[in-house]
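Given next are the chains, with one letter for each unit.
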Amino acid sequence: MTHTAPDRLVVLGMDGLSPSIIEQLMAAGQLPAFARLRERGGYRRLATSNPAQSPVAWSTIATGCNPGRHGVFDFLRRDPRTYTPELAILRVNRRNLTARREAMFLPVRQCPAFWSLTTAAGIPTSVIRWPLTLPPDVVSGRMLAGLGVPDLKANLGRYTLFTTRNVPPAQALGRKGDVVRLLPVRGVLQARLSGPERSSVPLQVRVDHQASCAVLRIDGEDCKIKANSWSDWVHVKFTVHFVRRVAGICRFHLRSLAPEVELYATPLQPDPRDPAFVLSHPESYASDLAQAVGDYHTLGMPEDTNALSDGSLDPDTFLEQCDMVMAERERMLWHELGRLGHGLLAFVFDTTDRVQHVFWRALDPSHPGGDAAFAARYARVVDDWYRRMDGILGGVLDAMGERSAVLVLSDHGFTAFRRAVHLNSWLIENGFMAVKTTDRRGTLFRDVDWSRTVAYAVGFSSIYLNLQGREGRGAVEPGDAPRVQRQIANKLAALRDAGCPAIERVYTRAELYHGPHAGDAPDLIVGFRPGYRTSWQTAIGGYPKGPIEDNRESWSGDHLVDPAHVPGVLFASRPLAAPEASVADVAPTILRLLRLSMPPELEGRPLLA
């Protein structure tokens, strides 16, 4: 069947939507827009990438290529010379010695995305909040960067908790945010808000117990905030190295006024009206968008799951933050949809992913970190967010004419995360890694004896051999690498936890990847069984005692398991012919919809009837 090209194509990404939930809610009649789109065109479960990580999956969706071509394998990578874990979703340009805004970062993805092909074909193309788009690509419309955008201090998002409490250093050390003491000076609480490169601005807090509020004075501006409420956006400018002015924005939440004053501050984010580095194409678009829809979160992951995990935000306040992020994103969508005369709009929502990560335990009676009261209060949260996405989709379908087309997709699904596996600890216990001390509390591979180590784990799915000629202090001869790979893979695949298998399968690099960047891939990729996942400590080179322990964190749902267990979803307004679909098929399908030829390096195939 031959279809005419649509006058408008909208591609909606909805991070983490799971087939098991969406199919159940459709069957119950609770997702009418998704059901309407399925009947109009088609629906498939969408096989995800290996590993099933958002940066990998979204890059595969964008390019139609395997990670060996696009070069994204994990959230984290390592420097093979020093073994130091590094962010893989952000590449700082270390040669940008003069801190030029336009040269702060280098591309993460190493091959063209579908929007570059549509731009080359002269099709108006806009891409909003797609992951790993910093620095933004040149497109024929507009692009706003998404996942991967750091805060002003080059973190993925580090909050600040101001408090009058005396928090012992040992307690503050384990937090994923900074704890700053508020000190009384002549009846006013004072502290400093730290910015980039050791800069800071003064913060004053005047408490009015009678009115149950506080007035913040920061960078010369006053901001009134009620107890247990959020402030508006606060604009701050930092002076860096005495000459450079860096603009940022943040919001505050006044947690309490008594018996102690506690004030949460979001991570400092680039001010969209005057960003510290280029966030968009054209460069002026970030500011223009703020003028049109109001100030907005620019951080790649603005939903602060770290603060929730630390107890610096409670679940209700976290949901308020998620709602604020989504309200901004919806305003962006309607703004861009309203001026899409013809062409392509690709738009990603990812709050659905964050909500499922931290509220999954409300759906999982067996979760070690769950309790009946939490489940009773928050059991509907995940379903409510699916219904919210259905409402957004309904608005899009109503706004699109018969000659338009809509694709809706997710990068992966979800499952429980009940038990954390310390892969480096397992490597130590099985003789593949050696340490010089019995103190197992370190990270960043502290005290590893590399001369006696044959393998190490970094990131959430990755194991690397300590290979001579590649690693800084390699111990494995290249000719012996295949044998060592097989030995580790076979032994790890047999890992049991109280008699239950923890591992579905261990893959080798050669099984999964091919292309110019396959040599950068991990040597082994671990596919866990549902309920299990790499521990947080493993990701950054830690090795606590015991290979497996309960996950009692609020982060209770995940997708870092074998890809077969967490497919995503694909809905299309045009009929789908292929009985099966994968993330690599999305880019070819977009190109076929728009009647464009496909470059030979694309590995997926069009799914249209």
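The structure under discussion appears in the preceding block.
We now turn to the structure provided with this report. (Residues numbered from 1 in each chain as written. Predicted model: local features only at pLDDT ≥ 70, side-chain atom pairs only at ≥ 80, totals over all residues. Heavy atoms only, no water.)

What follows is about the sheet that holds strand β20 (residues 269–270). Taken in spatial order, the three strands line up as β16-β17-β20 in an open sheet, and their pairing is antiparallel. The outermost strands of the open sheet, each flanked by one partner alone, are β16 (234–240) and β20. When β16 meets strand β17 (residues 244–250), the two strands line up antiparallel, connected through seven bridges. Bridged to Lys237 within β17 is Ala247. (Pairing = 2+ DSSP bridges. Helix = DSSP H or I, 4+ residues; strand = E, 2+ residues; numbered from the N terminus.)

What follows deals with the side chain of Thr415. On the secondary structure map, Thr415 appears in strand β24 (residues 415–421). Ignoring anything within four residues of it in the chain, the contact list for Thr415 reads Trp360, Pro530, Gly557, Asp558, Val561 and Val566. (Contact = heavy atoms within 4.5 Å.)

In this section: the pattern of salt bridges. Scanning all chains against the criterion turns up 45 salt bridges. Of the charged contacts, one joins Glu603 and Arg69 as a salt bridge, the two residues approaching to 3.1 Å between their closest N and O atoms. One end of the pair, Glu603, is in the segment after α17 (586–593); the other, Arg69, is in helix α4 (residues 67–70), with 534 residues separating them in the sequence. Here Glu603 falls in the partly exposed class, since its relative accessible area comes to 32%. Residue Arg69 is classed as partly exposed on the basis of its relative accessible area, which comes to 27%. Note that Glu471 and Arg470 form a salt bridge whose closest N and O atoms lie 2.8 Å from each other. Owing to a relative accessible area of 21%, Arg470 belongs among the partly exposed residues under this scheme. In this structure, a network of salt bridges that share partners links the residues Arg78, Arg470, Glu471, Arg509 and Asp523. (Salt bridge = Lys/Arg side-chain N within 4 Å of Asp/Glu carboxyl O. Buried < 20%, exposed > 50% of the residue type's maximum accessible area, 1.4 Å probe, protein only.)

We now examine the side chain of Asp497. Among the secondary structure elements, Asp497 is positioned in strand β27 (residues 496–497). Note on Asp497: relative accessible area 12%, which makes it buried. Within the local environment of Asp497, its side chain forms a polar contact with the side chain of Tyr532, the two groups lying 2.8 Å apart. With sequence-adjacent residues up to four places away left out, Asp497 is seen in contact with Arg419, Tyr532 and Ile548. (Polar contact = N/O pair within 3.5 Å; in protein donor to acceptor, adjacent residues only side chain to side chain.)

A separate point is the packing of aromatic side chains. If you walk through the whole model with that rule in mind, you get 26 aromatic pairs. Plain terms: the ring middles of Phe105 and Phe277 are 4.9 Å apart, the flat faces sit at 80 degrees to each other, and that makes the pair edge-to-face. Residue Phe105 is found in strand β6 (residues 105–106), and its partner Phe277 is found in the loop between β20 and β21 (280–281); the two are separated by 172 residues along the sequence. Where Phe359 meets Phe374, the ring centres are 6.0 Å apart and the plane angle is 15 degrees; that geometry is what we call stacked. Taken together, the positions of Phe359 in helix α10 (residues 351–359) and Phe374 in helix α11 (residues 372–378) put the pair 15 residues apart, joining distant regions of the chain. The exposure classification of Phe359 matches that of Phe374, with both residues buried. Among the aromatic side chains, those forming a connected cluster through ring pairs are Tyr83, Phe445, Trp450, Tyr456 and Tyr464. It is Arg251 that lies over the ring of Trp233; its NZ or CZ is 5.4 Å from the centre. Sitting over the face of the ring of Trp385, Arg388 holds its NZ or CZ atom 5.0 Å from the ring centroid. (Phe/Tyr/Trp six-rings, centres within 6.5 Å; stacked < 30°, edge-to-face > 60°. Lys NZ or Arg CZ within 6 Å of the ring centre and 35° of its normal.)

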